[in-house]
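# Inside the fold
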Amino acid sequence: MTQWSAVEAWFDAQLLPADDVLSEAQAASAAAGLPPISIYPAQGAFLQVLARSIGARRILEVGTLGGYSTIWLARALPAGGRLISCEISPDHASVARANLARAGLSAVAEVVVGPAADTLARLVSDREAGREEPFDLVFIDADKPSNAVYLRAAVRLARPGTVIVVDNVVRQGEILADPPDPNSVGVHDLVTAVAAEPRLSATVLQTVSSKKWDGFLVAIVD
Ligand SMILES: C[S@@+](CC[C@H](N)C(=O)[O-])C[C@H]1O[C@@H](n2cnc3c(N)ncnc32)[C@H](O)[C@@H]1O
């Protein structure tokens with residue numbers, strides 16, 4: 001075990017109580033053959049603290065997998081809050097829906113199946129027609145080459161003060177490889193889009209964990 005994994009395990013043991021619902025969600029996802037690419041507990045707790053600190057009532061997630069991050073985020077919502085999560089794979093969505101049902105969150109969190117770009121385009125069109133309220137928090141964690149598409153849609157679905165978080169923007173430093181792989185190109189496109197968007201203020205937090213060296217981009221809409 002690396003020292004940073006040991007440090008992560010120590011903090012998790014001190015700060016994150018055992019949680020059968022989250023453990024069962026991970027076990028059910030693994031049993032269904034989903035890849036082990038969810039966020040890790042400390043990141044889930046970070047997203048939950050962030051959502052609660054801004055009083056998020058409407059959360060948008062891009063990339064559901066088995067619903068692990070969805071549960072962390074949906075639990076941050078107050079009564080009457082709503083979460084929409086976009087997932088291209090019907091199999092992943094069905095595992096996520098079962099996990100959300102076990103977590104008692106089916107009435108709060110909706111998994112929409114289809115390419116996220118299409119789902120987001122529908123949401124933008126509904127928002128611009130006044131049929132959707134803005135989202136308070138957007139978590140982007142799907143196919144990395146489309147990051148910039150999702151970011152631009154997130155800005156159109158935002159209000160001043162909306163927070164946008166994008167996972168996996170460091171990729172163990174691979175983003176500086178020459179030539180970059182398609183996922184790293186997705187990060188470059190994302191950062192270019194963020195820098196070009198005058199409504200956004202943003203930074204990147206690099207992280208180490210049992211999932212190695214990576215990072216979150218965190219932005220706020222002005
Ligand atoms: C990294 S996983 C999401 C992990 C999840 N956020 C968590 O931490 O528990 C990425 C998910 O995005 C989905 N995905 C990939 N391409 C997509 C697309 N074009 N539209 C919607 N979802 C997509 C994958 O099927 C996968 O389930």
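See above for the structure.
This section reports on the structure supplied with the text. (Residues numbered from 1 in each chain as written. Predicted model: local features only at pLDDT ≥ 70, side-chain atom pairs only at ≥ 80, totals over all residues. Heavy atoms only, no water.)

### Focus: the site of the ligand
The cut-off we apply is this: Definition of nearness: a residue and a molecule or strand are near each other if at least one heavy atom of the residue lies within 4 Å of the molecule or strand. N or O atoms closer than or at 3.5 Å make up a polar contact, with two conditions inside protein: a donor-capable atom paired with an acceptor-capable one, and, for residues adjacent in sequence, both atoms drawn from side chains. Computed by Shrake-Rupley with a 1.4 Å probe, the accessible areas treat only the displayed protein chains as cover when residues are assessed. For cavity detection a 1 Å grid was placed over the protein atoms alone, and a set of points counts as a cavity when a 1.4 Å probe fits there but cannot get out; an open set counts as a pocket when protein lies on both sides within 12 Å along at least five of seven lines, with lining residues being those that have an atom within 4 Å of a point. The way we define it, a molecule is inside a pocket or cavity when more than half of its atoms are within 2 Å of that pocket's grid points.
Residues in contact with the ligand amount to 21 residues; listed here are only the nearest, I39, S69, E87, H92 and A116. At a separation of 2.8 Å, an oxygen atom of the ligand approaches a polar backbone atom of I39. Within the backbone of L65, one N or O atom sits 3.3 Å away from an oxygen atom of the ligand. Taking 600 Å² as the accessible area of the ligand by itself, protein coverage stands at 89%. Here the ligand is seated within the largest pocket.

### Concerning a nonpolar patch on the surface
As a reminder of what qualifies: Think of a patch as exposed residues, more than 30% relative accessible area, with no salt bridge, where like charges cluster within 9 Å and nonpolar side chains (Val, Leu, Ile, Met, Phe, Trp, Tyr) cluster within 5 Å. The salt bridge definition used is simple: a Lys or Arg side-chain nitrogen within 4 Å of an Asp or Glu carboxyl oxygen. Counting from the N terminus, the helices are DSSP H or I runs at least four residues long and the strands are E runs at least two residues long. Classification of residues uses two cut-offs on accessible area relative to the type maximum, computed with a 1.4 Å probe and protein chains only: under 20% is buried, over 50% is exposed, and between them is partly exposed.
A cluster of nonpolar residues, V7, W10, F11 and L15, forms a patch on the protein surface that exposes about 440 Å² of accessible area. For L15, the position within the fold is in helix α1 (residues 3-15). L15 gets classed as exposed once you look at its relative accessible area, which sits at 61%.

### Digging into the nonpolar core
The nonpolar side chains of a soluble globular protein tend to be buried with one another. Heads up, the rule is: Residues belong to a common nonpolar core when they are buried Ala, Val, Leu, Ile, Met, Phe, Trp, Tyr or Cys residues joined through side-chain atoms within 4.5 Å. Two residues qualify as a contact provided that any one of their heavy atoms is within 4.5 Å of a heavy atom in the partner residue.
Judged by nonpolar contacts, the single largest core of 33 residues is most densely connected at L60, L120, L151, I164 and L200. Of the residues forming this core, the biggest block, six residues, is contributed by helix α7 (residues 147-156). The contact partners of L200, leaving out residues within four places of it in the chain, are L151, V155, I164, V194, A219, I220, V221 and D222. With 30 residues, the next largest nonpolar core counts L47, L83, F139 and V218 among its residues.

### Overview of the packing of α7 against helix α8 (residues 182-196)
Each pair of packed helices gets described by two things: the angle between the helix axes and the distance between those axes. So the rule is basically this: Only the stretch in contact is used when a helix axis is fitted, and all axes are lines through C-alpha atoms; the angle between N-to-C directions ranges over 0 to 180 degrees. For classification, angles of less than 35 degrees are called roughly parallel, those exceeding 145 degrees roughly antiparallel, those between 65 and 115 degrees roughly perpendicular, and all remaining angles oblique. Think of it as three bins: nonpolar holds Ala, Val, Leu, Ile, Met, Phe, Trp, Tyr, Cys and Pro, charged holds Asp, Glu, Lys and Arg, and polar takes everything else, Gly as well.
Interaxial distance between α7 and α8 falls to 7 Å at its minimum, and their mutual angle equals 30°. Relative to α8, the element α7 is oriented roughly parallel. Contact residues: α7 offers N147, A148, L151 and R152, while α8 offers G186, V187, D189, L190, A193 and V194. Here the residues of the contact of α7 with α8 sort into six nonpolar, two polar and two charged.

### Re the pairing of strand β1 (residues 58-62)
Look at any regular strand and the pattern is simple: side chains alternate between the two faces of the sheet. Quick note on the threshold: When the strands point away from the viewer, a crossover counts as right-handed if the route from the first strand across the helix to the second turns clockwise. Pairs of strands are assigned from DSSP output, requiring at least two bridges between the strands.
Burial analysis of β1 places five of its five residues in the buried class, which makes it a mostly covered element. Of the two faces of β1, both are covered, the one formed by R58, L60 and V62 as well as the one formed by I59 and E61. Regarding topology, helix α4 (residues 68-74) serves as the crossover connection from β1 to the parallel strand β2 (residues 82-87), and that connection is right-handed. Here four bridges tie β1 to strand β4 (residues 135-140), and the two strands are oriented parallel to one another. Within the sheet, the bridge partner assigned to V62 lies in β4 and is I140.

### Some points on the environment of S201
Turning to its location among the elements, S201 is positioned in strand β6 (residues 200-209). Along the backbone, S201 and A219 are 18 residues apart, and their C-alpha atoms lie at a distance of 5.5 Å. When residues no more than four places from it in sequence are discounted, the contact partners of S201 are V218, A219, I220 and D222. A distance of 3.3 Å separates the side chain of S201 from the side chain of D222, its partner in a polar contact.

### So, the packing of aromatic side chains
The relative placement of two aromatic rings is captured by the distance of their centres and the angle of their planes. Keep this limit in mind: Note on aromatic contacts: the rings of Phe and Tyr and the six-membered ring of Trp form a pair at centre separations within 6.5 Å, being stacked when their planes are under 30 degrees apart, edge-to-face when over 60 apart, and tilted otherwise. Put simply, a charge is over a ring when the Lys NZ or the Arg CZ is close to the ring centre, within 6 Å, and near the line of the ring normal, within 35 degrees.
Per the stated rule, a full pass over the model turns up four aromatic pairs. Plain terms: the ring middles of W10 and F11 are 5.1 Å apart, the flat faces sit at 75° to each other, and that makes the pair edge-to-face. With a relative accessible area of 42%, F11 lands in the partly exposed category. Relative to F216, the ring of F139 lies with its centre 6.3 Å away and its plane at 85°, an arrangement referred to as edge-to-face. With F139 in strand β4 and F216 in strand β7 (residues 212-221), the pair connects residues that are 77 residues apart, well separated along the chain. Note on accessibility: F139 and F216 belong to one class, buried. The residue whose ring lies beneath R58 is F135, and the NZ or CZ to ring-centre distance is 4.4 Å.

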